[in-house]
Amino acid sequence: MSRKGFTLIELLVVIGIIAVLVAVLLPALSAARMVSVRAQCLSNIRQLQTAQVAYATDQDDLILAAGDGSVVGSWIGVLEPYGARPEVRRCPADRSPFFEQPFPGTDPEKLRATSYAINNYVSPTHAPFGIQPIVKLSEVSQSSTVIHMGELAETGSYAGSDHLHVQNFYLTIAPQITISLINQQMPLGRHGGQEMSWDAKLNFSFLDGHAESLKIRQVYTDPTTNLFVPPQFIKQSDLEE
Ligand SMILES: [Zn+2]
Ligand SMILES: [Zn+2]
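In this report, we go over the structure that sits alongside the text. (Residues numbered from 1 in each chain as written. Chains lettered and ligands numbered in written order. Predicted model: local features only at pLDDT ≥ 70, side-chain atom pairs only at ≥ 80, totals over all residues. Heavy atoms only, no water.)

Comments concerning the overall build of the protein
Argument step 1. Looking only at helices and strands, the protein has five helices and seven strands in total.
Argument step 2. Its C-alpha radius of gyration of 22 Å places the protein more than 25% over the 18 Å reference for a compact globule of 241 residues.
Argument step 3. Its C-alpha atoms put the protein at 90 × 40 × 35 Å along the principal axes.
Argument step 4. A burial count over the protein gives 41% of its 241 residues as buried. (Helix = DSSP H or I, 4+ residues; strand = E, 2+ residues; numbered from the N terminus. Rg over C-alpha atoms; globule rule 2.2 N^0.38 Å. Buried < 20%, exposed > 50% of the residue type's maximum accessible area, 1.4 Å probe, protein only.)

Here's the deal with the sheet that holds strand β3 (residues 163-164)
Argument step 1. Spatially, five strands are ordered β3-β1-β2-β4-β5 in an open sheet, and the strand pairing comes out mixed. The open sheet has two free edges, formed respectively by β3 and β5 (211-215), since each of these has just one partner strand.
Argument step 2. In terms of strand pairing, strand β1 (residues 116-119) meets strand β2 (residues 147-151) through three bridges, oriented antiparallel. Looking at β2, one finds that I118 is bridged to M149.
Argument step 3. In the packing of helix α1 (residues 8-58) onto the sheet, the strands contacted are β1, β2, β4 (201-206) and β5, and the crossing angle to β4 comes to about 20°. (Pairing = 2+ DSSP bridges. Contact = heavy atoms within 4.5 Å. Axes fitted to C-alpha atoms, helices over the stretch in contact; angles between N-to-C directions.)

Here we look at the side chain of N44
Argument step 1. Within the secondary structure, N44 is located in helix α1.
Argument step 2. Contact partners of N44, with chain neighbours within four places excluded, come to E87, V88, R90, C91, P92 and Y116.

Here we look at the coordination of the zinc ion (ligand 1)
Argument step 1. Around the zinc ion (ligand 1), the donor atoms from the protein are C41 (SG), C91 (SG), E151 (OE) and H191 (NE2), and they sit 2.0 to 2.3 Å away.
Argument step 2. Each donor residue of the zinc ion (ligand 1) lies on one chain, and together they are spaced C-x49-C-x59-E-x39-H. In this pair, C41 is assigned in helix α1 and E151 in strand β2, connecting sequence segments 110 residues apart.
Argument step 3. By relative accessible area, which is 0% here, C41 ends up buried. (Donors = N, O, S within 2.8 Å, 3.2 Å for Na, K, Ca; no water.)

Some remarks on the coordination of the zinc ion (ligand 2)
Argument step 1. Coordination of the zinc ion (ligand 2) by the protein is provided by H126 (ND1), H163 (NE2) and H165 (NE2), with metal-donor distances spanning 2.1 Å.
Argument step 2. Site description for the zinc ion (ligand 2): donor spacing in sequence, H-x36-H-x1-H. Here H165 lies in the loop between β3 and α3 (175-185) and H126 lies in the loop between β1 and β2, a separation of 39 residues in the sequence.

Considering unusual backbone geometry
Argument step 1. At the junction of D107 and P108, the peptide bond is cis and its omega measures out at 5° in the coordinates.
Argument step 2. Counting through the fold element by element, P108 comes out in the loop between α2 (75-79) and β1.
Argument step 3. With a phi angle near 65°, H126 is a residue other than glycine that sits in the positive phi range.
Argument step 4. Positioned with a positive phi, M196 is a non-glycine residue whose angle comes to about 50°.
Argument step 5. Within the secondary structure, M196 is located in the loop between α3 and β4.
Argument step 6. A relative accessible area of 39% places M196 in the partly exposed class.

Observations regarding the environment of V37
Argument step 1. Along the chain, V37 turns up in helix α1.
Argument step 2. With relative accessibility at 9%, the residue V37 sits in the buried group.
Argument step 3. Residues V37 and H191 lie 154 residues apart in sequence; the distance between their C-alpha atoms is 7.9 Å.
Argument step 4. Apart from residues no more than four positions distant in its own chain, V37 is found in contact with P92, A93 and H191.

Details of the pairing of β1
Argument step 1. Relative to β3, β1 runs parallel, the two being bridged by two bridges. When the sheet's bridge partners are listed, N119 is paired in β3 with L164.

Considerations on the environment of M186
Argument step 1. With respect to the element layout, M186 can be found in the loop between α3 and β4.
Argument step 2. According to the relative accessible area criterion, M186 is buried, its value standing at 0%.
Argument step 3. In this structure the C-alpha to C-alpha distance between M186 and D162, which are 24 residues apart in sequence, comes to 11 Å.
Argument step 4. Among residues more than four places away in sequence, those in contact with M186 are E151, A153, L164, F169, L202, F204, I216 and F228.

Put into structure tokens, the structure is as follows:
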């Protein structure tokens, strides 16, 4: 007796094999996509930092000012003539609605200018109370260990900002509270690692011009152990109240 086509069993086996293949391959695909998106974002932030180095060279060593309302958008507009192309403003994983709709309560209406944020410890404006604002690059010792830019939260009160308030990362010694405070300002989980965890990965650039993908635990532990506060300030301001 000759057979035509497949039996039901054969068909089910084939469907089963396909299902297993999909289950095995999908996570690998999404992991590969995560890596490529993170790399694209890293290239963005590196390009912004390279532009800041060019800006400083051209402008008598000046550091960018956070929240400069005189410039369209923010500091990001200042960098355009220095090689920061408009398309590097946005991280490919950034799903913030405020690129398209105005940030609530802004008058005149303001859109989100960028996915990236300046560390307020190295800005001539918005330095924490009691800290001498840094105006020039040369004022920071060990510039290769000081973060200049990080990634900005997509929603919440920081989503429409252009800089971080690093002094607000820390309120108590409780690590869970600290991580939730950091998460208000930076999108923990955007580039891998569990959301709102110390293992969440993000991209950072440093004052010397280099950029790295790092886990939060590698860049911040507490006010005296982190890569945001320039070393000269950590000596002054320890953990006293
Ligand atoms: Zn990113
Ligand atoms: Zn501020």
